[in-house]
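Results of the structural survey
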Amino acid sequence: MNKLPAEAAAHPVLGLRSPLTPSQTAARARRFGAFYYADMWIRRMRGYQGTVLMTAVGTPLIYLLGMGTGLAVLIDANSDAGFPGSNGSTVSYLVFLGPALVATAALMVSSEENTWTVMGGFKWHRTYYGPNASPLSSGQIASGHVMGQAFRLLLTTGIYYLFLLLFGAVPQPETGWLMVFTALLAGLAFGMPLLAFSATLKEDRGQLTMVQRFVVMPLFLFSGTFFPLDNLPLGVRWIGWISPLWHSTELGRVLSYGHPEPAAMTALHLAYLLVLSAVGLVLARRNFTRRLAG
Amino acid sequence: MSQITSTKTVPETRSDFVISARNLTKSYGDFTAVNGISFDVPPGESFGLLGPNGAGKSTTMKMIGGVSQRSGGELSIMGLDPNRYGPEVRAHLGVVPQQDNLDEDLRVRDNLLAYGRYFGLPKSYLQPKADELLEFAQLADKAKARVDSLSGGMKRRLTIARSLINDPKILLLDEPTTGLDPQARHILWDRLFRLKEAGVTLILTTHYMDEAEQLCDRLIVVDKGAIMAEGSPAALIREHSTREVVELRFGSDRNTTVASELEGIGERLETLPDRVLIYADDGEAALEAVTGRGLRPITSLVRRSSLEDVFLRLTGRSLVE
Amino acid sequence: MSTQNSTAPTSLVPRDRFLGSLYGRNTRAVIARGLKATWGTNWSIMVSGFVEPVLYLVAMGIGLGALVGTVTGPGGEEIGYANYIAPALLAVSAMNGAVYDSTMNVFSKLNYSRLYEGMLSTPLGPLDVAMGEIFLALLRGAMYATGFTAVMGAMGLITSPWALLMIPAAVVIAFGFASFGMAVTSYMKTFQQLDWVNMVMLPMFLLSATFYPLSVYPGPMQSVIQALPLWHGVEMLRQISVGIFNWGTAGHLLYFVVMIAIGLTLTTRRLRALFLK
């Protein structure tokens, strides 16, 4: 080169050598790549930890105050029977509502992390392409993204559960705490197929808004969350049957207050959530690979 | 961890070339982006792919980078097939993509640390390495800054710093200076030149001839997915162009009509929409011949031949439209 | 063209006029662009926007209604639960739409698509842009309100012809929130800060007597909620829906008139901060 800037000579030449050979880094990446990405995902979350914590703490507080105590006054006064609990007992509206709220919170977080975040990774900030040029594989990036959001989901459902305890909304805490995980499953069972879908979007021409309006909202409202699913006419009751939110909520109710239902039904709820999560994850990994390494 | 052994045995090859491509092809449906190109890059060389937008440069880079599966031909990076040994190949490389994809949720220094984690590198190495790289990229005072507060040139330098976090022997640079102002480009070229001096193999694509001339020991001229010519910048110019070029402008309407009156001057004539080029070993003499014929161009310029002229000669088109 | 200076018949110096430096008197251009963009590219998103309150109405009206039974309406008479929540949902929808349009939408056009940068390099001023955006938000609000009222009619929830007045009243509510929202946006620096807007909206939505009467709360809590704009919107529409008017109705309306006046003043003052950084 003919002309070097005068001060350039003052800069040191790169001296530090990597302690690992390329084949060693590749071997590590093959084994732990998804964890590396998840680790980074969680670090990045610090960038918006205010939002995460505010949503995780504020939402339960407001819903429990509004629906759990306010609306409950109206409902408990009007419906004399209450909601069926274990062994013929009945429970209050607040207890009935609790597991639904925890699962709903997971659904909402998941609907965010598997749509806008994914568009950001592929298009707006292209954050998936950086790691994709490293030894990580595209599938590992997808899996790492899932692990990272599972962390946020657990944070959300865990905090929500503590609020339920605080409001005295869990009659059987010895099994009730498991709803933290059944709610996580609601998030994943809904989120994984959505992740697979978002990974195919080249551009957001409003598809994600449509998902929000025509998938997330109906699932939220028609999944037996605020009232038993049987209160709805058959014409819309099927929404609940296919909704991960309903299956997770029913599981949570069994765990929280012994909501009476046949054991086979409980098994079906769990199986449905697991299958949906697994199929979604496989599709998501495939779509990530197609997009990033086609 | 004391010893890491891969479950699969990665073939150890002692090839003379760090990169070797034979009939490399990539098609998307009916469209062939890269159409059977072959080249070899020895270690320490600075190798360029020069061509216009859409020539297939970026696609080639993605295949070398192990993030795009080739449709045909053979490719080996450090003796490894990227289709099979993606992670191993990428572990050898530093990659500077065409579009910056820095992590805007992380601060400048954290971008380097986070990226190093993808290689499974320990903190004890990454911390001092990040500082060294920030110094190298002249970003030490920006270590704690937000990425979105950086200028275009700074982002580019940070991307280069990031690509060096794993201490790679091969650096892939896709259009490294596109969109930067002249000063930012010169700073960047200086940094790349230093890497070259340190023995790093540079593979870069560009559609700037000055960049190719500054940085490349050897280059291939690519157009429509195929190699048009190969050689050092000087050899390419010698082979495909004359020593000097006279650029004449007669005004948009007259360039074509005047061209016929210029026949016989110099070795060759190119008529472009905005100017006429005369290729001659002695430019001044050619210009005198033009005025001798009573022609009065609005502007005239005698310059040395460049890769732009090589490209024009090979494809009949200008490199930068 | 009249000119101030008789010696220079083609003076380029404009006449002094109110907010001259901020206002290019061409709000129409902003509105025309907005309509074109909406109908040209994302009309389906726009049209589907009124679906959300309808879903709430169907789900809560039917599903929750079965649990609640009847509720005491504005005139003291017992009304169905769907009848009770429908006007409230309309008020919420007017709020949500207006706040979205004046915060999120303005913020992203300002910082991401840089739409306003282009507009403001023409003779258009920030006031043209602000008024244009508010007008578009209100137009949208009016359409949603009309659609929602039609759905109410189809569900048999309209019991008085006065209910049609809910449409303009919803626009008034939207105006109140939109004029304030833009002033709030002028203080925003990052997208994350917009999440705080949602954190203000969510409690307003759930607590402002939307799904149950205020009487379930203890006294001091009631006073807090009665100070919030959404509660006034909900009560106003609820009264209109059954055609029962009293001094309270006028009070609710007055609340919004004052809110609009203060919001517009603030927004105008913050225009430079918002658009001319």
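Looking at an unreviewed UniProt entry, chain C carries the name Transport permease protein, with the source organism given as Arthrobacter yangruifuii. The Sequence similarities (unreviewed entry) comment attached to chain C in UniProt states, word for word, "Belongs to the ABC-2 integral membrane protein family."

For chain A, the name recorded in an unreviewed UniProt entry is Transport permease protein, with Arthrobacter yangruifuii as its organism. We quote the UniProt Sequence similarities (unreviewed entry) comment for chain A here in full: "Belongs to the ABC-2 integral membrane protein family."

Each helix and strand counted, chain A has 12 helices and 2 strands in total. For chain A, the N- to C-terminal ordering of α and β elements is α-α-β-β-α-α-α-α-α-α-α-α-α-α. Counting only C-alpha atoms, chain A reaches 90 × 35 × 35 Å along its principal axes. When each of the 294 residues of chain A is scored for burial, the buried share is 58%. By sequence separation, contacts in chain A at least 24 residues apart represent 75% of the contacts at least 6 residues apart. Of the roughly 11,200 Å² that chain A leaves accessible, carbon and sulfur atoms contribute 67%. Computed over 20 positive and 12 negative side-chain charges, the inter-centroid distance for chain A is 20 Å.

So, about the UniProt feature "domain: ABC transmembrane type-2" (unreviewed entry) in chain C. With numbering matched to this structure, UniProt assigns "domain: ABC transmembrane type-2" (unreviewed entry) to residues 44-274 of chain C. Regarding residues 44-274 of chain C, the helix share stands at 77% and the strand share at 3%, and the terminal C-alpha atoms are separated by 30 Å.

The subject of this paragraph is the layout of surface pockets. Put simply, the second largest pocket is a space of about 870 Å³. Around the second largest pocket, the lining comprises 39 residues; the ones closest to its centre are R126 and Y129 of chain A together with S58, K62 and D174 of chain B. When residues of the lining of the second largest pocket are traced back to their parent elements, those giving at least two are helix 4 (116-124), helix 5 (129-132) and helix 12 (263-292) of chain A together with strand 2 (31-41), helix 1 (57-64), strand 5 (93-96) and strand 6 (170-174) of chain B. Top element by residues in the lining of the second largest pocket is helix 1 of chain B. It accounts for 5 residues. The residue inventory of the lining of the second largest pocket, partitioned by class, reads 17 nonpolar, 13 polar and 9 charged.

Chain C puts 31 residues into the contact, and the matching count from chain A is 37 residues. For the interface between chain C and chain A, the tally reads 5 residue pairs in polar contact (both at pLDDT 80 or more). If you list the elements that add at least two residues to the side of chain C that touches chain A, you get helix 2 (43-48), helix 3 (51-68) and helix 8 (191-207) of chain C. Ranked by residue count, the leading element in the side of chain C that touches chain A is helix 3 of chain C, at 13 residues. A per-class count over the side of chain C that touches chain A returns 23 nonpolar, 6 polar and 2 charged.

On to the confidence of the model for chain C, then. Residue and element names in this part refer to chain C. Mean pLDDT over chain C: 87, with 91% of residues reaching 70 or higher. Put simply, helix 2 is where chain C has its lowest mean pLDDT, 77, and helix 10 (residues 229-242) is where it has its highest, 96. Predicted confidence for residues 1-6 stays below pLDDT 50, and this span has 5 contacts to residues more than four positions away or in other chains. The complex prediction reports pTM at 0.86, with the ipTM value standing at 0.88.

Let us now look at the sheet that holds strand 5 of chain B. All names here are of chain B. As summarised here, the arrangement of the 6 strands in space is 5-6-7-3-8-9, forming an open sheet in which the pairing is mixed. The sheet is open, and its two borders are formed by strand 5 and strand 9 (226-231), each paired with just one other strand. Strand-to-strand, the axes of this sheet are offset by a mean angle of 15°, without reference to chain direction. In this structure, strand 6 lies alongside strand 7 (residues 201-206), joined through 5 bridges in parallel fashion. Paired with D174 across the strands is T205, a residue of strand 7.

On to the packing of aromatic side chains, then. Following the criterion strictly, the structure yields 25 aromatic pairs over all chains and no others. Ring geometry for F39 of chain B and F47 of chain B: centres 5.2 Å apart, planes at 25°, overall stacked. According to the relative accessible area criterion, F47 of chain B is buried, its value standing at 0%. With centroids separated by 6.4 Å and ring planes inclined at 20°, the aromatic side chains of Y81 of chain C and Y84 of chain C adopt a geometry described as stacked. A residue pair is termed a helical-turn pair when its members lie 3 or 4 positions apart in one helix, as Y81 of chain C and Y84 of chain C do in helix 4 (residues 81-111) at 3 residues. Y84 of chain C carries the same exposure label as Y81 of chain C, and that label is buried. Three or more aromatic residues link up through ring pairs in this structure, and these residues are Y37, F122, Y128, Y129 and F288 of chain A together with Y115, Y118 and F119 of chain B. One residue, R268 of chain B, lies across the ring of Y279 of chain B, its end atom 4.2 Å from the ring centre. Positioned above the aromatic ring of Y187 of chain C is the side chain of R270 of chain C, whose terminal nitrogen or guanidinium carbon lies 3.8 Å from the ring centre.

This part takes up the arrangement of the chains. Most contacts, compared over the 2 pairs of chains touching, are made between chains A and B. Looking at chain B next to chain C, you find no contact at all, with the nearest C-alpha pair sitting 11 Å apart.

Quick look at the UniProt feature "transmembrane region" (unreviewed entry) in chain C now. All names here are of chain C. Per the UniProt record, the feature "transmembrane region" (unreviewed entry) sits at residues 54-75, 81-100, 134-156, 162-184, 196-214 and 244-267. This span, residues 134-156, is 91% helix and 0% strand, and a straight line between its end C-alpha atoms measures 32 Å. Taken end to end, residues 196-214 has its terminal C-alpha atoms 25 Å apart, with 63% of it in helix and 0% in strand.

To continue, consider the pairing of strand 6 of chain B. Residues and elements named next belong to chain B. In terms of residue burial, strand 6 counts as a mostly covered element, since 5 of its 5 residues are buried. What you see with strand 6 is no split at all: I170, L172 and D174 on one side and L171 and L173 on the other are buried throughout. This β-α-β element, strand 6 to helix 6 (residues 182-197) to strand 7, shows right-handed connectivity.

Right, let's talk about the environment of P128 of chain B for a bit. In this structure, P128 of chain B sits in helix 4 (residues 123-136). Owing to a relative accessible area of 33%, P128 of chain B belongs among the partly exposed residues under this scheme. A C-alpha to C-alpha distance of 34 Å links P128 of chain B and N83 of chain B, two positions 45 residues apart in sequence. Beyond its immediate chain neighbours, meaning those up to four positions away, P128 of chain B contacts L16 of chain A together with K123 of chain B.

Now for the UniProt feature "transmembrane region" (unreviewed entry) in chain A. Residue and element names in this part refer to chain A. Under the local residue numbering, the UniProt record ascribes the feature "transmembrane region" (unreviewed entry) to residues 52-75, 90-109, 150-170, 176-198 and 263-284. With 100% helix and 0% strand, residues 52-75 has end C-alpha atoms that lie 32 Å from one another. Within the segment residues 263-284, helix and strand shares are 100% and 0% respectively, and the terminal C-alpha atoms sit 32 Å apart.

At the junction of the two partners, chain B supplies 54 residues and chain A supplies 48 residues. Summing both partners gives a buried area of about 4,700 Å² for chain B against chain A, and 58% of it is carried by carbon and sulfur. For the pair chain B and chain A, the number of links is 5 salt bridges. Notably, a salt bridge pairs D167 of chain B with R17 of chain A, separated by 2.8 Å at the nearest N-O pair. Remark: the boundary between chain B and chain A carries 15 residue pairs in polar contact (both at pLDDT 80 or more). Secondary structure elements with two or more residues in the side of chain B that touches chain A: helix 2 (86-92), helix 3 (108-117), helix 4 and helix 6 of chain B. Per-class residue counts for the side of chain B that touches chain A are 24 nonpolar, 13 polar and 17 charged.

A word on helix 3 of chain B. Across the 10 residues of helix 3 of chain B, 8 count as buried, placing the element largely inside the fold. Buried residues of helix 3 of chain B: V108, R109, N111, L112, L113, A114, Y115 and G116 of chain B, and no others. Tucked inside the fold, the buried residues of helix 3 of chain B contact helix 1 (22-45) and helix 5 of chain A together with helix 4 and helix 5 (152-163) of chain B.

This brings us to the side chain of R109 of chain B. Note on placement: R109 of chain B falls in helix 3. Contact partners of R109 of chain B, with chain neighbours within four places excluded, come to Q127, A130, D131, L134 and A143 of chain B.

It is worth spelling out the nonpolar core at this point. Here is a general trend for soluble globular proteins: nonpolar side chains tend to be buried in one another's company. Membership of the largest hydrophobic core comes to 243 residues, with the highest contact counts inside it found for Y93 and F226 of chain A together with L64 and F211 of chain C. Residue contributions to this core peak at 17 residues, all from helix 4 of chain C. Formed by 13 residues, the second largest nonpolar core is a distinct cluster that contains V246, L248, F250 and L295 of chain B.

About the thresholds
Residues numbered from 1 in each chain as written. Chains lettered and ligands numbered in written order. Predicted model: local features only at pLDDT ≥ 70, side-chain atom pairs only at ≥ 80, totals over all residues. Heavy atoms only, no water. UniProt positions renumbered as here; feature names shortened; annotations may be inferred. Helix = DSSP H or I, 4+ residues; strand = E, 2+ residues; numbered from the N terminus. Buried < 20%, exposed > 50% of the residue type's maximum accessible area, 1.4 Å probe, protein only. Contact = heavy atoms within 4.5 Å. Areas by Shrake-Rupley, 256 points an atom, 1.4 Å probe, with all protein chains shown as cover. Lys, Arg positive; Asp, Glu negative; His and termini not counted. Charge placed at Lys NZ, Arg CZ, Asp CG, Glu CD. 1 Å grid on protein atoms, 1.4 Å probe; cavity = no way out; pocket = protein on both sides within 12 Å on 5 of 7 lines; lining within 4 Å. Points joined across faces, edges and corners; volume = space filled by probe spheres on them. Nonpolar A, V, L, I, M, F, W, Y, C, P; charged D, E, K, R; others polar. Polar contact = N/O pair within 3.5 Å; in protein donor to acceptor, adjacent residues only side chain to side chain. pLDDT = per-residue confidence, 0-100. Pairing = 2+ DSSP bridges. Axes fitted to C-alpha atoms, helices over the stretch in contact; angles between N-to-C directions. Phe/Tyr/Trp six-rings, centres within 6.5 Å; stacked < 30°, edge-to-face > 60°. Lys NZ or Arg CZ within 6 Å of the ring centre and 35° of its normal. Right-handed = clockwise from strand over helix to strand, strands pointing away. Buried area = accessible area lost by both parts, 1.4 Å probe. Salt bridge = Lys/Arg side-chain N within 4 Å of Asp/Glu carboxyl O. Core = buried A, V, L, I, M, F, W, Y, C linked by side-chain atoms within 4.5 Å.

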